[in-house]
Amino acid sequence: MRIAVIGAGPTGLAAAYALSGRGANVVVFESTSVSGGMARTVTVGEERIEAFYHHIFTSDEALVSLAEEIGLGDRLEWLPPRNALYSGERLYPFTTPGDLLRLGALPLMDRIRLGLFVLAARRVRSWEHLEERTAREWAVETGGKRVYETIWKPLLASKFDDYADQVGATWLWNKTKLRGSTRGKGQGREILGYFRGSFGVLYDTLTARIRAAGGEVRLNTPVLTIRSLSAIPQEEGTLLVRTPEGEEPFSKVLVTTAPAELARMAPQLPEEFREALTAIPHQANLCALLELSRPLSPYYWITVADEKFPFVALIEHTNLLPPARYGSSVVYLSRYLSPSAPLFRADDETVAAVFLDGLSRLARTVERTSPGRMRWEPSLLKRIRIFRADSAQHVATRGYGKRIPPHHTPIPNLYLNCMAQIYPEDRGQNYAIERGLRSPEILDFPGRSVP
Ligand SMILES: Cc1cc2nc3c(=O)[nH]c(=O)nc-3n(C[C@H](O)[C@H](O)[C@H](O)COP(=O)(O)OP(=O)(O)OC[C@H]3O[C@@H](n4cnc5c(N)ncnc54)[C@H](O)[C@@H]3O)c2cc1C
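Residues numbered from 1 in each chain as written. Predicted model: local features only at pLDDT ≥ 70, side-chain atom pairs only at ≥ 80, totals over all residues. Heavy atoms only, no water.

With that settled, consider the pairing of strand β2 (residues 25-29). With 4 of 5 residues buried, β2 lies mostly within the body of the structure. In terms of strand pairing, strand β1 (residues 2-6) meets β2 through 5 bridges, oriented parallel. In the sheet register, I3 faces β2, and the bridge partner there is V26. With respect to chirality, the unit in which β1 leads through helix α1 (residues 10-21) into the neighbouring parallel β2 is right-handed. In terms of strand pairing, β2 meets strand β9 (residues 216-218) through 3 bridges, oriented parallel. What sits directly across from V28, in β9, is V217. (Buried < 20%, exposed > 50% of the residue type's maximum accessible area, 1.4 Å probe, protein only. Helix = DSSP H or I, 4+ residues; strand = E, 2+ residues; numbered from the N terminus. Pairing = 2+ DSSP bridges. Right-handed = clockwise from strand over helix to strand, strands pointing away.)

The sheet built from 3 strands is open, its strands ordered β10-β11-β12 with antiparallel pairing. Two strands lie at the open edges of the sheet, namely β10 (225-228) and β12 (246-250), each paired on one side alone. Adjacent strand axes in the sheet meet at a mean angle of 25° when their direction is disregarded. Pairing analysis gives 4 bridges linking β10 to strand β11 (residues 239-243), with the strands arranged antiparallel. The partner of I226 across the bridge, within β11, is V241. (Axes fitted to C-alpha atoms, helices over the stretch in contact; angles between N-to-C directions.)

In this structure the tally under the stated criterion is 29 salt bridges. For R398, the salt bridge is made with E137, and the minimal N-O distance between the two is 3.2 Å. A residue pair is termed long-range when its members are at least 10 positions apart, and R398 in the loop between β18 (381-394) and β19 (414-416) and E137 in helix α5 (residues 135-143) qualify at 261 residues. With a relative accessible area of 36%, R398 lands in the partly exposed category. One salt bridge connects E149 with K153, and the closest N-O pair in it is separated by 3.6 Å. Taken as a pair, E149 and K153 lie in helix α6 (residues 145-160) at a separation of 4 residues, close to a single helical turn. (Salt bridge = Lys/Arg side-chain N within 4 Å of Asp/Glu carboxyl O.)

Set out below in structure tokens:
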């Protein structure tokens, strides 16, 4: 049976690995020149690194066990991050429960309320009652208005921009729970996982396994359309996948792109179904990757809770991993925004200028209020690259659980398995892999596991 998988991101590669492991003849179509999707890599010095910052949590079991299964278990490194919060023109350490108790951005009573909110969130077992509430409503009610305004509102705005007030409470619940659960065995400290050689080693190995099983991963091959050969598309029939190279028949087609891309590729889908697919809002991500001649700060992750800056997070990768690997200090500046926002559409030079101006202003303010915590001057910059992801994060608004698109589309043998179906968890490589590996079941593929 020939199966087409559209997209060579974590979901598509995990799906193709699982399907080819069951004996299917799989062709993966990828529009860009690299595999890995949003976890794709570039090089800094001699080392590979993600174009967009990536780490995993100890609770990311599907990814960890797949890594072990394909012989990469010993490549995983677990490291303790140091985090900070920039709020009210100051930089506060924000890693441990002690940091939370000392957080000068909030009066003592509110720090206690914040701690109680976090504990309450971690104790929630069934999330269904949060479904019909927004994160804002739930956070204000449980932790108070000032905690919401200082901590949660900037966090929500940093990820969802104009949609911040509409995000469902389940998202905030999950985020709070997740950060609390990524701890080393017997340790109270948060630890994060990263592959020696980047996450690219995982996606390269999956690609090699797919090819070894007789499958293909075709890069630079965007899928233009998918159509059913049946006179009535809602009836069983061969599916034709069209790329710039021509049209090819497949028994089954699995789409792993954003839902709106499925609506675009498959015009035979009923109008109502296509409208539901395009109605799911997505945020884009704009990310600058900086190579510096010395470290910027002592922190891995700084949340910038201040709308005056063009980025919402500053991630100093080489404060988690050793800078010697890269021959530079590596810093990401990240911003989520609407894919139609002028800054997202601006050219690289403009984005770089806006981000670097923001970095200068941020460093100047931090130097004034928290001396020695951020040392920046333009001469430190060796290189800056700008990366864009159009559909970086779907927005799970109130009641999203009822609007998740199904895996089975109205066209027989055309399936959707994508990021926007991950719920109530937030998207991430782990869930992409977990869902990808479930694809034989979703496609009702009868093959048996091939040793
Ligand atoms: C800024 C940022 C930071 C992140 N940080 C983390 C992190 O720290 N940890 C973590 O686990 N996750 C992180 N993620 C999320 C992670 O990258 C995603 O969850 C994961 O990549 C989703 O995989 P996917 O395969 O479902 O989708 P994608 O990675 O989006 O892959 C889809 C693929 O489909 C291809 N495609 C689209 N249309 C077509 C077409 N018509 N024809 C052919 N191919 C097509 C795309 O080019 C792409 O390669 C981050 C994401 C971003 C943007």
